[in-house]
Amino acid sequence: MGLKKDFLWGSATASYQCEGAVNEGGRVPSMWETYLHDGGYETGDVASDFYHHYKEDIKMMAEGGQNTLRLSLAWPRIIKNIKGEINEEGVEFYRDVLKTCQQYGITPFVTIYHWDLPQYLEEKGGWLNEETCYAFEQYAKVCFEKFGDLIEYWVTFNEPKWFTFNGYMVGNYPPGHHSAQEMIIAAYHVMYASALGVRAFKEGHYKGMIGIVHSFGPVDGIDDTLATKIAMRFADNYANNWILDTAAKGEIPFDLLCVLSQNYDLSCIKNEHLPIIKNYTVDFLGLNYYSRVWVKPYSGGETQLVVNNSGKDFKGESKIVIKGWFEQIMNNPDAIYTEWDVEIYPQGLQKGLKQVWEKYHLPIFITENGVGVREDITVDQVEDDYRISFMNDHISAIMNAVDAGVDVRGYYAWSTFDLYSWKNGVEKRYGLVGIDFDDKELKRKPKKSYYWYKSIAESNGEKIQRKDW
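The following paragraphs examine the structure supplied in this document. The model shown is predicted, which means the values in this text are computed figures rather than measured ones.

Parameters at a glance
- Residues numbered from 1 in each chain as written.
- Predicted model: local features only at pLDDT ≥ 70, side-chain atom pairs only at ≥ 80, totals over all residues.
- Heavy atoms only, no water.
- Helix = DSSP H or I, 4+ residues; strand = E, 2+ residues; numbered from the N terminus.
- Buried < 20%, exposed > 50% of the residue type's maximum accessible area, 1.4 Å probe, protein only.
- Salt bridge = Lys/Arg side-chain N within 4 Å of Asp/Glu carboxyl O.
- Contact = heavy atoms within 4.5 Å.
- Pairing = 2+ DSSP bridges.
- Phe/Tyr/Trp six-rings, centres within 6.5 Å; stacked < 30°, edge-to-face > 60°.
- Lys NZ or Arg CZ within 6 Å of the ring centre and 35° of its normal.
- Expected span 1.5 Å × (residues − 1).
- Axes fitted to C-alpha atoms, helices over the stretch in contact; angles between N-to-C directions.

Further remarks concern unusual backbone geometry. Cis geometry is adopted by the peptide bond preceding P175, which originates at P174 and carries an omega value of 10 degrees. Looking at the secondary structure, you find P175 in the loop between α8 (160-170) and α9 (180-203). Across the junction of W414 and S415, the peptide omega takes the value 15 degrees, indicating a cis bond. The topology assignment puts S415 in the loop between β13 (408-414) and β14 (433-435). Here the phi dihedral of A21 falls at roughly 50 degrees; this positive angle occurs in a residue that is not glycine. In this fold, A21 is placed in the loop between α1 (15-18) and α2 (31-39). A21 sits in the buried class, given a relative accessible area of 7%.

Written as structure tokens, this is what we have:
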């Protein structure tokens, strides 16, 4: 079957992770600045300084054979306050970025919300407050009006699971809470807000398509027993279905609601919301794939959620146990893991793409895929053969799925250049282009993978070394 001739070959960024300039251009604080500064963590105040380097960065993308850029808009750079006043300087910045993309033949693929909630909304309860849903709706309308002539691909939210899971349950992202009840409320409000954003887009008759981006973890079980299959269903609801079913089918998984209702308050789910969720579903799905979710039946003990944010310096053991539901296996002796305990498993993407296509029959974009490592950027060129191998095998998995009939329309390497990786700071590098963060000018250095990816994009994938699993 092969990839379509207009397949999108690009790479991805996110506003807080790359822009810097947090005190420039009329931008107001996000929840991340407050959380990181108050906690004494490394911040994204400068990050990759895309705010001042965007013309150079976009030109470098085009020279690297890429025809699309996934970027996000920073809510705090566009809406100044709780009243909804528009920051025209921020609008002009993004219009310049988008016009630069246009100049170089780069198709923008734009996320409205990539985690940087304005602090003025966090102070009102953030995603625990239903009013934030309506603030998002108004913000989305501003984005559609101000940038709709320059954008064809819109995304409401990036990875609802991660920022609600880490922010309200694990507690290692802002607002740093540890409450399953709060996670449920926040997660529901995000999905409701997404539907409101889709409604605003479709009722406004803007050009293009609108979707959602999900941190996709296809679920595998340790064996074929009934107990494992039940654990797999729990894990799939936990990792995938509450986002994908809700966004694509307008249906929150009913068995998940039944189980949650036994122990938690679901009054945040209001009857008047449900028709909006049902009627305003997405046009496509963006899947961020890093690894599968490999599970076994729950064996005992309390819920444990331990996430490695330190690589080899991590003193504990990554662990996900959801009491009564499942346990995720994260120490398979036969598997290959990154320093951050992420299993490298490209065949999971091939299998998962087939599952998503058969279930939803919506166009799919791989909106993030990459490997984070520590790298010495002081050399003339980083020889990142490990990244080339990782990308080759995952793109091969995508092409295998396309050959099987799956409608995949684009691939975005994470990331365009080295950037701020949330709680991992700038030590964890994903970029096709290296950035010397110790250099005052933040010098850009294309890695070996940048040139390899150029050859892949320009051949529309024909130079991939195909593998079959």
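Resuming the write-up.
A separate point is the pattern of salt bridges. If you walk through the whole model with that rule in mind, you get 32 salt bridges. Note that E458 and K454 form a salt bridge whose closest N and O atoms lie 2.8 Å from each other. A residue pair is termed a helical-turn pair when its members lie 3 or 4 positions apart in one helix, as E458 and K454 do in helix α15 (residues 448-458) at four residues. You can call E458 exposed: its relative accessible area is 54%. For K454, a relative accessible area of 25% translates into the label partly exposed. Salt bridges here are not isolated pairs; linked through shared partners, they connect E375, D384, R387, D418, R429 and K447.

The next thing to look at is α2. Of the positions making up α2, those classed as buried are M31, W32, E33, Y35 and L36. Among the structural elements, α1, β3 (107-113) and α6 (119-122) are those in contact with the buried residues of α2. Phi for G40, located one or two positions after α2, is positive at around 75 degrees.

On a regular strand, each side chain points to the face opposite its neighbour's, so the side chains alternate between the two faces of the sheet. Taking burial as the measure, the eight residues of strand β5 (residues 209-216) include eight buried ones, the bulk of the element. Burial of β5 is two-sided: the residues M209, G211, V213 and S215 facing one way and the residues I210, I212, H214 and F216 facing the other way are all buried. Examined bridge by bridge, strand β4 (residues 153-158) and β5 share four bridges and lie parallel to one another. If you follow W154 over to β5, its bridge partner there is I210. Summarising the sheet, β5 and strand β7 (residues 284-289) pair through six bridges and their orientation is parallel. Note on β7: the bridge partner recorded for F216 is Y289.

Before going further, it helps to spend a moment on the environment of N369. With respect to the element layout, N369 can be found in the loop between β12 (364-368) and α14 (385-403). Separated by 43 residues in the primary sequence, N369 and F326 have C-alpha atoms spaced 26 Å apart. Setting aside chain neighbours within four positions, we find N369 in contact with Y289, Y290, F390, H394, Y411, Y412, A413 and W414.

The geometry of an aromatic ring pair comes down to the distance between the two centres and the angle between the two planes. Per the counting criterion, the structure on display carries 50 aromatic pairs. With a centroid separation of 6.0 Å and 65 degrees between ring planes, the pair formed by W75 and F136 is classed as edge-to-face. On the criterion of sequence distance, the pair formed by W75 in helix α4 (residues 75-78) and F136 in helix α7 (residues 131-147) is long-range, its members being 61 residues apart. Lying over the aromatic face of W162, K161 brings its terminal NZ or CZ to 5.0 Å of the ring centre. For R444, the ring lying beneath its charged end belongs to F417, and the centroid distance is 5.5 Å.

Below, the discussion takes up α7. The terminal C-alpha atoms of α7, which comprises 17 residues, lie 24 Å apart, in line with the 24 Å expected from a rise of 1.5 Å per residue. Where α7 is concerned, the buried positions are T132, C133, F136, E137, Y139, A140, V142, C143, F144 and F147. At its buried positions, α7 is contacted by α4, α5 (88-103), β3, β4, α9 and β5.

Strand order in the open sheet formed by five strands is β6-β8-β11-β10-β9, with mixed pairing between adjacent strands. Each edge of the sheet is formed by a strand with only one pairing partner; in this case those strands are β6 (219-221) and β9 (304-306). Strand-to-strand twist across the sheet, computed as the mean angle between neighbouring axes with direction ignored, equals 30 degrees. Judged from the three bridges that link them, strand β8 (residues 293-297) and strand β11 (residues 326-328) form a sheet pairing that is antiparallel. From the neighbouring strand, P297 faces β11, where its bridge partner is F326.

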